[in-house]
Amino acid sequence: MTVARIDQRRRAPAATAEASEAGARSLRRRRRLTALAFVTPLLAYLCAFYVYPLYRNLDLSLRDYTVRSFVAGDAPFSGWDNFRKVLDDPTFGPAMRHTMVFTLVSIVFQYAIGLALAGFFNRHFRLSTVLRALFLVPWLLPLIVSASTWSWMFNSESGVVNYFLHLFGVAPVGWLTSPDWALTSVIVANIWIGIPFNLVILHSGLQNIPGELYEAAALDGAGAWQQFRRITFPLLRPVSAITLLLGLVYTLKVFDLIWIMTKGGPGDASSTLATWSYQLGFGTLLPRFGPGAAVGDILILIALAFGLLYIRVQRRQEA
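A brief report on the enclosed structure follows. Predicted, not measured: the structure shown is a model, and the values here were computed from it.

## A look at the overall build of the protein
What the protein contains, in helices and strands, is 15 helices and zero strands. Viewed in the frame of its principal axes, the protein has a C-alpha envelope of about 120 × 75 × 35 Å. Partitioning the intrachain contacts of the protein with sequence separation of at least 6 by distance along the chain shows that 65% fall at a separation of at least 24. Accessible surface for the protein amounts to roughly 20,100 Å². Of this, 67% is attributable to carbon and sulfur atoms. Taken together, the 28 basic and 18 acidic charged side chains of the protein have centroids lying 13 Å from each other.

## Remarks on a positive patch on the surface
Residues Arg28, Arg29, Arg30, Arg31 and Arg32 make up a contiguous surface patch of positive charge. Mapped onto the fold, Arg29 is located in helix α1 (residues 2-61). Among the residues examined, Arg29 registers a relative accessible area of 43% and is labelled partly exposed.

## Examining a nonpolar patch on the surface
A cluster of nonpolar side chains, contributed by Leu127, Val130, Leu131, Leu134, Val137, Leu141, Ile144, Val145, Trp192 and Ile260, occupies part of the molecular surface with about 820 Å² of accessible area. Listing elements by their share of the nonpolar patch, those giving two or more residues are α5 (128-134) and α7 (143-153). Residue contributions to the nonpolar patch peak at three residues, all from α5. Here Leu134 shows up in helix α5. Judged by relative accessible area, which is 52%, Leu134 ranks as exposed.

## Observations concerning the packing of aromatic side chains
Tallied over the full model, the rule gives 20 aromatic pairs. Between the aromatic rings of Tyr278 and Phe282, the centroid separation amounts to 5.6 Å while the plane-to-plane angle is 35°, which identifies the pairing as tilted. Highlighted residues: Tyr278 and Phe282, both in helix α14 (residues 273-282), separated by four residues, approximately one helical turn. Judged by its relative accessible area of 31%, Tyr278 is partly exposed. Judged by relative accessible area, which is 58%, Phe282 ranks as exposed. Site record: aromatic cluster; members linked through ring pairs are Trp150, Phe154, Trp175, Trp181 and Trp192.

## Observations regarding the nonpolar core
By size, the foremost hydrophobic cluster in this structure holds 30 residues, and its most contacted members are Phe102, Phe154, Val186, Leu202, Leu257 and Met261. Contributions of two or more residues to this core are made by α4 (92-121), α7, α9 (182-207) and α13 (256-261). When residues in this core are grouped by element, the largest group, ten residues, is from α9. Those residues in contact with Leu202 that lie beyond four places of it in its chain are Tyr111, Gly114, Leu115, Ala118, Leu236, Val239, Ser240 and Thr243. Counting 18 residues, the second-largest nonpolar core is a separate cluster that includes Leu62, Val86, Ala274 and Ala303.

About the criteria used
- Residues numbered from 1 in each chain as written.
- Predicted model: local features only at pLDDT ≥ 70, side-chain atom pairs only at ≥ 80, totals over all residues.
- Heavy atoms only, no water.
- Helix = DSSP H or I, 4+ residues; strand = E, 2+ residues; numbered from the N terminus.
- Contact = heavy atoms within 4.5 Å.
- Areas by Shrake-Rupley, 256 points an atom, 1.4 Å probe, with all protein chains shown as cover.
- Lys, Arg positive; Asp, Glu negative; His and termini not counted.
- Charge placed at Lys NZ, Arg CZ, Asp CG, Glu CD.
- Patch = residues over 30% accessible without salt bridge, like charges linked within 9 Å, V, L, I, M, F, W, Y side chains within 5 Å.
- Salt bridge = Lys/Arg side-chain N within 4 Å of Asp/Glu carboxyl O.
- Buried < 20%, exposed > 50% of the residue type's maximum accessible area, 1.4 Å probe, protein only.
- Phe/Tyr/Trp six-rings, centres within 6.5 Å; stacked < 30°, edge-to-face > 60°.
- Core = buried A, V, L, I, M, F, W, Y, C linked by side-chain atoms within 4.5 Å.

What follows is the structure, encoded as structure tokens:
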């Protein structure tokens, strides 16, 4: 009896440890299931609205789709033929050049003006909150309203811009009808629309910079430009990087503004990769779905390249 009791006492801690480990495994399993239940709707959303459209666009670019085969779903596989057609097309060069000019000029001016306004409103003067809210109006308006308004302002015959030019004795300019001015016109409109986004993000970044740094710099005799160069700009660099990246990705795919104002014309004077992709896929009676999707894939690759570049730069800064 004594030996049996000793053996039972030895087995009791082992049984308790096994039960405790089993309980811990069950708790971890429940936590994983709970986390999966929360993540599942997000995964479903990403698959439905991101993964599947990307897959369909890639499939369109790798097959020879016509209207009949698009409906029937039996388009033959063509490999990289659509990409070769796009790269050999005489429209590709001007569209790529216009896309780069439109994107780079827009984000540079949006950032510069947004940063200047953010610094101005960071002074916390009377009515600063009201004025800052008014600057958000271009961002809040539906894009079709903004584009239509700018189309009216740049109208060659009845536009308010040419009216003011007439008051100063300047001849009317064909802002939307001249190949020399069409791209400039849509760039100006896009800069106006993007300034509020830069203002909001950069203003929040400026508020996170401690005021004591500026006070110490002022005591050391640093002027406004030296404070900006030594304090503001370096500490605002992470916010600036994400602002420029988001502005770049958004501006690359701007379509509706250009289409409403100029439809990529006159000719191809303001055509970008986004408008050209739409023209290929839906702008004619005989749509070319494959080349249109190939242009879309090129846009995605450009945006992805800049995104990866941003991640690499951020990792270097954190290291």
